Amino acid sequence: MSDGVVLQTQLNPFTNDNSIYSPSVSAMSLPLATKTKNRYLQQYGPFGLLVVLLIIILIIVAVIVSRISTHSAISIESSTTTTNSVNKSLGKNDSLVESIILEHMLVHLRQLTSRAIGTVAFNRTMDYLTTQLNKENSLTVQKYYFSVPRFELAGNPILMAIPNTSNSSLFTYPKDFVSMDLSKEARNWSLVNGRPLTVVPRLGCYIEDWNTTKEGDVALVRRGYCAFVQKVLFAMSKRASAVLVYNDGLTVDRFEPLNGTRAPRNNTIPALFLSYDAGMRLILNNVTHIYMKLEYRAVSPTIVTNICADTKLGNPNRTIVVGSHSDSVAAGSGLNDNGSGLAATLAIALNLARLLTYTNYGVNMHSRIKFCWWGGEEAGLLGSKDFVNRAKADGSLSLYSVNLNFDMLASPNFIFGVYDGKTADNQTTPPRALPGSNRITRLFTDYFDRSHLPWDHTEFSGRSDYGPFLAEGIACGGLFSGADDVKTQEQRDRYLNSLGSALSGMANADLDPCYHSKCDTLENLNTFAYLHMVKAAAHAIDYLAKLQDLNQWLYP
């Protein structure tokens, strides 16, 4: 039987007589071979090159995929995988807190990009939320639409030192300065005299720093220690004509003007953010007067969406509103502000829906829960304001017993921040809301104490989406891990004692150095803080929903 091996004797049985098979070369054999070779190259050469190129491309793709798999900070999960992991985490346990695992939030965060209102990305985020929520039969999903006026700069703003003696007197937009969000206009300033410039000593974080600022002055203040909003509020309190915040130059990324910074909601003055170089030029050149021009023009309004999902179980006359804003600033991806709150609220809503479907959780749930994602927070709490105004108009506001707000839960240099009900503004907050708000504060702090985690009070000023509810006398509470506030040495030492050096953070550094910046990406999130903040949120929702008489607890 032949096994396919060709023996030498099969080719040449006369091995001892080389003359019989000695090769002879004819005159035509070489040209013929050359022509044959060229014909094959013409026919098969391009195909061979294509095969080689395909092999090279496949190798490159394989290398890229392997590197992505190796270096991706957070694994990507399919929705099916997430659903399976959620169901597995539930098991026979009907604890909302224990159902929360980090991957539930991260898989949603992977879907997010910069999503300022009026953009395609914002609308896609609304579609994603709706799709996820509609998968759960125990939730009823609604969309609310509202129109938002829009404005844009009427031209490049002007900032100039007076008298204008050289080219260095004129500052360039946007290289040297940008306008803050919610800045007011600067119109009809005298080009000859301008307005007086005052340099605020230190960092302008205490009212005493503003003693030299007089009514009508333009206040120049350095970035640092306290929030930008606080500096603008101090300038407003001194009746300044405008405020100029300049970067501090402490690190390589803190020299340029910072886009996306925001003045307070009730801002009344022009507010600019300057580069470090521009601020120092004003100081070192002893500039005494400033000319400014900043004007806006109206453009077509944009349509913004709120989304709410109600549990089908629970008393609708005692509704717990759980909210997070869904939009970001245009300057960055907004994964901490407020992708972290958006994804947390979504994860809790989906886990609760599955508990209602697969366990007996609903037996002890005495209040309805309404999960909401507000649009337009960054433009001035627009979504939550629209919701409250609609509820007032149709008479449904009385159904809402409490609002829990989750805005920024994963700051890299975090604090476990709890809204402090005792710091509510007594002039703008109806007394009815105070007892319940204080109880919600204690509900969160008690949870952190039992979990052996440090915590801090944060101001309860109404400057996030709970504000419209609080102003109507509805008890509110929530969590906040920090923005451009600075972690103090005392806080760092306290967190060091509780959590160790790896999780205690840095003293005298921003709680979120990427606040309203391009670097607010997945890599910016502190996942340890995030997981525990979401668990704390789930605990508060669970506790309030199971109270026999929620309204009696909130409004004794």
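This structure is a prediction, so every number in the text was calculated from the model and none was measured.

Procedures and definitions
Residues numbered from 1 in each chain as written. Predicted model: local features only at pLDDT ≥ 70, side-chain atom pairs only at ≥ 80, totals over all residues. Heavy atoms only, no water. Pairing = 2+ DSSP bridges. Helix = DSSP H or I, 4+ residues; strand = E, 2+ residues; numbered from the N terminus. Contact = heavy atoms within 4.5 Å. Axes fitted to C-alpha atoms, helices over the stretch in contact; angles between N-to-C directions. Buried < 20%, exposed > 50% of the residue type's maximum accessible area, 1.4 Å probe, protein only. Right-handed = clockwise from strand over helix to strand, strands pointing away. Disulfide = S-S within 2.5 Å.

Asker: Which parts of the structure should I look at to understand the sheet that holds strand 7 (residues 242–246)?
Answerer: Across a sheet, paired strands are connected by hydrogen bonds in the backbone, their directions being either parallel or antiparallel. Here we have eight strands laid out as an open sheet, ordered 3-2-9-5-6-7-8-4, and mixed in their pairing. If you trace the sheet from one side to the other, it starts and ends with strand 3 (170–171) and strand 4 (177–179), each paired once. Sheet topology places strand 4 next to strand 8 (residues 271–274); three bridges connect them, and they run antiparallel. Opposite Phe177, over in strand 8, you have Leu274 as the bridge partner. Strands strand 6 (218–222), strand 7 and strand 8 of the sheet are contacted by helix 6 (residues 228–237), whose axis makes an angle of about 150 degrees with strand 7. Sitting on the sheet, helix 7 (residues 276–284) touches strand 3, strand 5 (195–199), strand 6, strand 7, strand 8 and strand 9 (289–293), and the angle it makes with strand 7 is about 115 degrees.

Asker: How should the pairing of strand 12 (residues 367–374) be read in this particular structure?
Answerer: On a regular strand, one side chain projects to one face of the sheet and the next to the other, so that they alternate. Across the eight residues that make up strand 12, a large majority, eight, are buried. Both faces of strand 12 are covered, namely the face carrying Ser367, Ile369, Phe371 and Trp373 and the face carrying Arg368, Lys370, Cys372 and Trp374. As paired elements, strand 11 (residues 315–325) and strand 12 share eight bridges and run parallel to each other. Paired with Val322 across the bridge in strand 12 is Phe371. Note on the crossover from strand 11 through helix 8 (residues 335–358) to strand 12: the handedness is right-handed.

Asker: Teacher, can you tell me more about the state of the cysteines here?
Answerer: Here is the idea: a disulfide is a covalent bond, and it sits between the sulfur atoms of two cysteines. What the rule picks out here adds up to three disulfides. The residue that forms a disulfide with Cys308 is Cys372, at a sulfur-sulfur distance of 2.1 Å. Between Cys308 and Cys372, the S-S torsion sits near 110 degrees, and that sign places the bridge as right-handed. Within this pair, whereas Cys308 is found in strand 10 (residues 296–311), its partner Cys372 is found in strand 12, the two being separated by 64 residues in sequence. The residues Cys308 and Cys372 share a single accessibility class, namely buried.

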